[in-house]
Amino acid sequence: MFHQLKKLTGLALVTVPLILIAISGCADRKSPVEIEAHVTEWNQVTSGDFHGIQVKSRGPGTCQSCHGSDLLGEGDVPSCTDCHAGAGGHPFDFEEPWADPFHGDTIASKGNRSCVTCHGADFRGGWSGVSCYTCHAGGPSGHPDGWLNSRAPTFHGTPVYLEGVADCERCHGPNLLGGTSGVACSDCHN
C-alpha cells in the first residue's frame, strides 16, 4: 500500500507541473485577429472556400460556436453584422440609393446573375427567402407595376420626360442600347 501511495505521489509530482504549464500557456492566448479560424480564401468571392458559399451549403449553424447563437459575435469575435446587414449577405444600407454600394448600382454595373444564387432564378426568394418583388412590385427590373402601360401613373415616359434619361443609363447603358439590363430603348422605340 505504501509503495502504491509513493508511486501516486511521484506521478502527481510529474503530472501537476505539466498541467500547470499547459494551463499557464492558455493565459497567453492570441487575440482573435491572430487566430486563423478560416482559410485565406474565406473572403474571396471567386473561391470555392468563400464564406457565402460555405454558409449556403452548410448553413449558419456551423458559425455559431464562435460567432454566437445569434451570429452577433462575442468579445473580439466579429459579428456577421459587422459587414453584412443582418446576416443577409449584403453590406449595410445595400438597399439605400445613397449608399455605396447600392444594390441598384451594383446590379447595373455587374448584372443580376449573382443574385440568382440566393434569390432564385425567378427572383422570388430562392433559398434566402427574400424576394425582389417585396420591394419592387415589377420584380427585379426595379420598375413599378405599370411601367410599360402608357395609361398608368407609373408609366416610364413621365419620369423620362420630366427628369431625362440619366437614371435610365445606370442599367440601360450610356447609349440606352441595353447596358447590363439587356433591354434597349430601341427594342420598343424606333
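Note that the structure is a prediction, hence the values are computed from the model and not measured. (Residues numbered from 1 in each chain as written. Predicted model: local features only at pLDDT ≥ 70, side-chain atom pairs only at ≥ 80, totals over all residues. Heavy atoms only, no water.)

Considering the overall build of the chain
And step 1. Looking only at helices and strands, the chain features 7 helices and 0 strands.
And step 2. Of the regular secondary structure in the chain, the N- to C-terminal order runs α-α-α-α-α-α-α.
And step 3. Looking at the chain as a whole, 19% of its 190 residues are labelled buried.
And step 4. Long-range contacts, defined as pairs at least 24 residues apart, comprise 15% of the intrachain contacts of the chain with a sequence gap of at least 6.
And step 5. Working note: accessible area of the chain is about 14100 Å², and carbon and sulfur atoms make up 61% of it. (Helix = DSSP H or I, 4+ residues; strand = E, 2+ residues; numbered from the N terminus. Buried < 20%, exposed > 50% of the residue type's maximum accessible area, 1.4 Å probe, protein only. Contact = heavy atoms within 4.5 Å. Areas by Shrake-Rupley, 256 points an atom, 1.4 Å probe, with all protein chains shown as cover.)

A few points about the environment of P91
And step 1. Examined against the element boundaries, P91 turns out to sit in the loop between α3 (64-67) and α4 (103-110).
And step 2. For the pair P91 and H103, spaced 12 residues apart in sequence, the C-alpha separation works out to 9.4 Å.

Describing unusual backbone geometry
And step 1. Even without being a glycine, F123 presents a positive backbone phi close to 60 degrees.
And step 2. Note on placement: F123 falls in the loop between α5 (113-119) and α6 (157-163).
And step 3. Residue F123 is classed as buried on the basis of its relative accessible area of 9%.
And step 4. Even without being glycine, L176 reaches a positive phi, approximately 60 degrees.
And step 5. Examined against the element boundaries, L176 turns out to sit in the segment after α7 (166-172).
And step 6. The class for L176 is buried, based on a relative accessible area of 15%.

Focus: the side chain of S131
And step 1. One can find S131 in the loop between α5 and α6.
And step 2. Reaching out from S131, the side chain makes a polar contact with the backbone oxygen of F123 at a distance of 3.4 Å.
And step 3. Looking at S131, its side chain comes within polar contact range of the main-chain nitrogen of Y133, at 3.0 Å.
And step 4. Leaving out residues up to four positions away in the same chain, S131 has contacts with F123, R124 and G125. (Polar contact = N/O pair within 3.5 Å; in protein donor to acceptor, adjacent residues only side chain to side chain.)

Details of the pattern of salt bridges
And step 1. If you walk through the whole model with that rule in mind, you get 2 salt bridges.
And step 2. We note a salt bridge from R170 to D105, for which the minimum N-O separation is 2.5 Å. In this pair, R170 sits in helix α7 while D105 sits in helix α4, placing the two residues 65 residues apart along the sequence.
And step 3. Between D167 and R170 there is a salt bridge, and its shortest N-O distance comes to 2.7 Å. Of the two residues, D167 and R170 are both situated in helix α7; the distance of 3 residues between them amounts to about one turn of the helix.
And step 4. One connected set of salt bridges, linked through shared partners, spans D105, D167 and R170. (Salt bridge = Lys/Arg side-chain N within 4 Å of Asp/Glu carboxyl O.)

Quick notes on the packing of aromatic side chains
And step 1. On inspection of all chains with the given rule, the structure shows 0 aromatic pairs.
And step 2. R124 extends its terminal NZ or CZ atom over the ring of Y133, reaching a point 3.6 Å from the ring centre. (Phe/Tyr/Trp six-rings, centres within 6.5 Å; stacked < 30°, edge-to-face > 60°. Lys NZ or Arg CZ within 6 Å of the ring centre and 35° of its normal.)

Looking at the confidence of the model for the chain
And step 1. Chain-level pLDDT for the chain is 75 on average; 76% of the residues reach the 70-or-more range.
And step 2. Model confidence for the chain, summarised as mean pLDDT per element, is weakest for helix α1 (residues 2-26) at 50 and strongest for α6 at 92.
And step 3. Taken together, the stretch residues 20-34 has pLDDT below 50 and engages in 3 contacts with residues farther than four places along the chain or on a different chain. (pLDDT = per-residue confidence, 0-100.)

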